[in-house]
Amino acid sequence: MNWKEILLLLLVASSVVLVGATVVEAVAESQATRSGIGGPEDPYSVSIVEPTATRGASTTIEATVVPEEPSREQNPSGRRGRKTPEPTATYDFSSTGDF
Amino acid sequence: MTAEKSAGGRRRKGAVLRRDRRLERILALVALAGLLVSWLFGYFQSSNNTAAKVPTVLPGAERIERRGDVYFGYTEGSTSGELVGYAGTGQATGYAGPIDVLVGVDRAGAIIGVAILEHRETPGFFRRLPEVGFFRQFLGKDYRSDLRLAQDLDAASGATVSSAAVARAVREEARALAAGPIGAQVPPSREPVQFGAPEALLIALYLVGYFGHRSKLPNAKRWIRRATLIAGVVGLGFLYNKPLTLANVVSLFAGYWPDWHTHLYWFLLLGGILLVTTAQGKNPYCSWFCPFGAVQEGLGRIGGAKVFRPRRWHQRLKWLQRGLALGAILLGLALRQPGAVSFEPFGTLFDFTGSTAQWILLVVVLLASLVVVRPFCNYLCPLDPVVEYVGEGRRWAQTTIRKVRS
């Protein structure tokens, strides 16, 4: 093996290590961004004022899922009979910022 | 005796070639199976918990109700609470895939909160958006605003495509909320076809590359090629920073096909390579106007670089290059993160943005370019094996057609 071959192999080996480091770093940052999104220090969310749910310490947010109005097939009369929709599920979001 | 020996040598060589061909086809099938598995893995992995993030875009809301796709925010826990506003999710395609946003509007349709739910962009570039306060610009604007870059919003420098995508997603969702629960008349959304200097330059380079390659005059061919390489470095590199990257390829495989009105360049770039490589059997991009290849070639001219392909290492290093490309594509598909696995130091050179590892890689490659012709293209670039794969598919199709006809 001559010096040129050794140089080429060294070049490729160091580049492969750097490529690996680049990918690992980018994927880690990407995953960290993903898990950080919605958290208390989330730089990817803004609002007019600080939302109590994510920034506060003791507030509890209740989210209820209300079913959609029945479709025409399900409700041929077309009358909207439900004044106050009944929630089908309730979620409690504690404000630890751990969304 | 000599003739017998040479005939025996030819037979052995032929057998080795046939064995290599078989092995290549088996590996190609294994690669395809790997792509399928990681695609499916990524498909079933991607999810986000939107409901948990709604309070971040509806400040003051203490109770959230979901009706269909719209979230209603109220001030207090009882049903008689005052309505704060509405929230919903929007999506638009950025550089490497869809960007999901959550938009909160008040009762009049003014934007009171914006949150990114998920993105697939290159992290180093997307990070610029919060750094320059891009998201804050939406607050207070309402559904009537077009939210266009350079008119209503300032794009984050170097992340224009991502900025434009976020703006589109926020505008469309704000308008959907205005037309839905608010019941307002919303202006029609027209997305003009984005055809500008980068698109025109790309078409011109393809045409010159295609016809220049077929030129019978070696001198003219050499000068035309030099001109396209310089145009590639200046235009596609430093001016617009729009070279072909692995992120484009992974987003294509992942099915993140953007709207052609807003991403005509993406279609021209990938479509052009596929079309010309399939039609002509030659890849015009890499040899005629790839900006990074051109920079390496220019440095090679300065340093007097030579083509160096040691026989015993060349094939092994080519397989290493293919392995790197395949590994990055599989990871990108499995994580649905095309931007994160794009390891080429193109943005580092043309936009001066990159991680420490990318800066070191860039310096190593540029120094090596002084003594070896196009070291990155020959042994590291993940795009070369992809284009090679397309060329191999063309050859396979031609052979099959010939066999069927005969």
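This one's a predicted model, so the numbers in the text were calculated from it and none came from an experiment. (Residues numbered from 1 in each chain as written. Chains lettered and ligands numbered in written order. Predicted model: local features only at pLDDT ≥ 70, side-chain atom pairs only at ≥ 80, totals over all residues. Heavy atoms only, no water.)

Once that is clear, we can look at the overall build of chain A. A tally of regular secondary structure across chain A gives two helices and three strands. Each helix and strand of chain A, placed in order from N terminus to C terminus, yields the pattern α-β-α-β-β. Considering chain A as a whole, with its 99 residues, one finds that 34% of them fall into the buried category. Counting contacts in chain A only where the partners sit at least 6 residues apart, residues at least 24 apart contribute 54% of the total. Counting every atom, chain A has about 6,100 Å² of accessible surface; 56% of that belongs to carbon and sulfur. (Helix = DSSP H or I, 4+ residues; strand = E, 2+ residues; numbered from the N terminus. Buried < 20%, exposed > 50% of the residue type's maximum accessible area, 1.4 Å probe, protein only. Contact = heavy atoms within 4.5 Å. Areas by Shrake-Rupley, 256 points an atom, 1.4 Å probe, with all protein chains shown as cover.)

All names here are of chain B. One non-glycine residue, L147, adopts positive backbone phi at about 50°. Here L147 is to be found in the loop between α4 (128-131) and α5 (160-182). In this structure L147 comes out as buried when scored by relative accessible area, which is 2%. We note that N241 has phi near 45°; this positive angle belongs to a residue other than glycine. Tracing the chain through its elements places N241 in the loop between α7 (218-239) and α8 (246-254). Classification of N241 by relative accessible area gives partly exposed; the value is 21%.

We now examine the pairing of strand β3 (residues 83-93) of chain B. Residue and element names in this part refer to chain B. Of all 11 residues in β3, nine are buried, a share of seventy percent or more. Judged from the four bridges that link them, strand β2 (residues 70-74) and β3 form a sheet pairing that is antiparallel. Residue F72 lies in a different strand from β3, and its bridge partner there is Y86. Here nine bridges tie β3 to strand β4 (residues 98-106), and the two strands are oriented antiparallel to one another. Its bridge partner being in β4, Q91 is matched across the sheet by D100. (Pairing = 2+ DSSP bridges.)

This part covers the pairing of β2 of chain B. All names here are of chain B. Burial of β2 is extensive: five of the five residues sit out of reach of the surface. Across five bridges, strand β1 (residues 63-67) lies against β2 in antiparallel orientation. Bridge assignment links E65 to a residue of β2, and that residue is F72. Taking the residues that link successive antiparallel strands as the turn, the β1-β2 hairpin has two residues, and the phi of G68 there is positive, at about 65°.

Over its 17 residues, helix α9 (residues 264-280) of chain B runs 23 Å from end to end, which matches the ideal 24 Å to within 8%, given 1.5 Å per residue. Directly beyond the C-terminal end of α9 of chain B, a positive phi value near 80° is found at G281 of chain B. (Expected span 1.5 Å × (residues − 1).)

All names here are of chain B. Two numbers describe how α8 lies on helix α12 (residues 311-335): the axes approach to 10 Å, and their chain directions differ by 50°. Accordingly, the angle class assigned to the pair α8 and α12 is oblique. The two elements α8 and α12 meet at a crossing, and its hand is right-handed. Between α8 and α12, the residues in contact are L246, V250, F253 and A254 and A328, I329, G332 and L333, respectively. In terms of residue class, the contact of α8 with α12 is made up of seven nonpolar, one polar and no charged. (Axes fitted to C-alpha atoms, helices over the stretch in contact; angles between N-to-C directions. Parallel < 35°, antiparallel > 145°, perpendicular 65-115°, else oblique. Left-handed = near helix turned anticlockwise from the far one by under 90°. Nonpolar A, V, L, I, M, F, W, Y, C, P; charged D, E, K, R; others polar.)

Residue and element names in this part refer to chain B. The grouping of V193, F195, I203, L207, F211 and W260 at the surface amounts to a nonpolar patch, some 600 Å² of accessible area in total. Relative to the helices and strands, I203 resides in helix α6 (residues 197-213). Of the residues examined, I203 reaches a relative accessible area of 32% and is grouped as partly exposed. (Patch = residues over 30% accessible without salt bridge, like charges linked within 9 Å, V, L, I, M, F, W, Y side chains within 5 Å. Salt bridge = Lys/Arg side-chain N within 4 Å of Asp/Glu carboxyl O.)

So, about the environment of V341 of chain B. Position of V341 of chain B among the secondary structure elements: in the loop between α12 and α13 (346-350). The residues touching V341 of chain B, leaving out its near neighbours within four places in the chain, are V23 and V27 of chain A together with L246, V250, A328, L331 and G332 of chain B.

Okay, α5 of chain B next. Between its first and last C-alpha, α5 of chain B extends 31 Å over 23 residues, near the 33 Å set by a 1.5 Å rise per residue. A positive phi of about 75° marks G183 of chain B, the residue just after α5 of chain B.

This paragraph deals with the confidence of the model for chain B. All names here are of chain B. Here chain B shows a mean pLDDT of 89. Residues at 70 or above account for 97%. Ranking the elements of chain B by mean pLDDT puts helix α1 (residues 2-45) last with 81 and helix α11 (residues 291-303) first with 95. Here the predicted complex scores 0.80 on pTM and 0.76 on ipTM. (pLDDT = per-residue confidence, 0-100.)

Attention now moves to the packing of aromatic side chains. Residue and element names in this part refer to chain B. Considering all chains together, one arrives at 17 aromatic pairs over all chains under this definition. Between W39 and Y43, the aromatic rings sit 5.4 Å apart at their centres with planes inclined by 10°, giving stacked as the arrangement. Of this pair, W39 and Y43 are both found in helix α1, four residues apart, which corresponds to roughly one turn of the helix. In this structure W39 comes out as partly exposed when scored by relative accessible area, which is 28%. With centroids separated by 6.1 Å and ring planes inclined at 70°, the aromatic side chains of F346 and F376 adopt a geometry described as edge-to-face. Highlighted residues: F346 in helix α13 and F376 in helix α15 (residues 375-379), separated in sequence by 30 residues. (Phe/Tyr/Trp six-rings, centres within 6.5 Å; stacked < 30°, edge-to-face > 60°.)

Time to look at the side chain of N248 of chain B. Residues and elements named next belong to chain B. With respect to the helices, strands and loops of the structure, N248 is situated in helix α8. For N248, the side chain forms a polar contact with the main-chain nitrogen of T245, separated by 2.9 Å. Sequence-distant contacts of N248, that is, excluding residues within four places in its chain, are made with Y95, P243, W266, L269 and L270. (Polar contact = N/O pair within 3.5 Å; in protein donor to acceptor, adjacent residues only side chain to side chain.)

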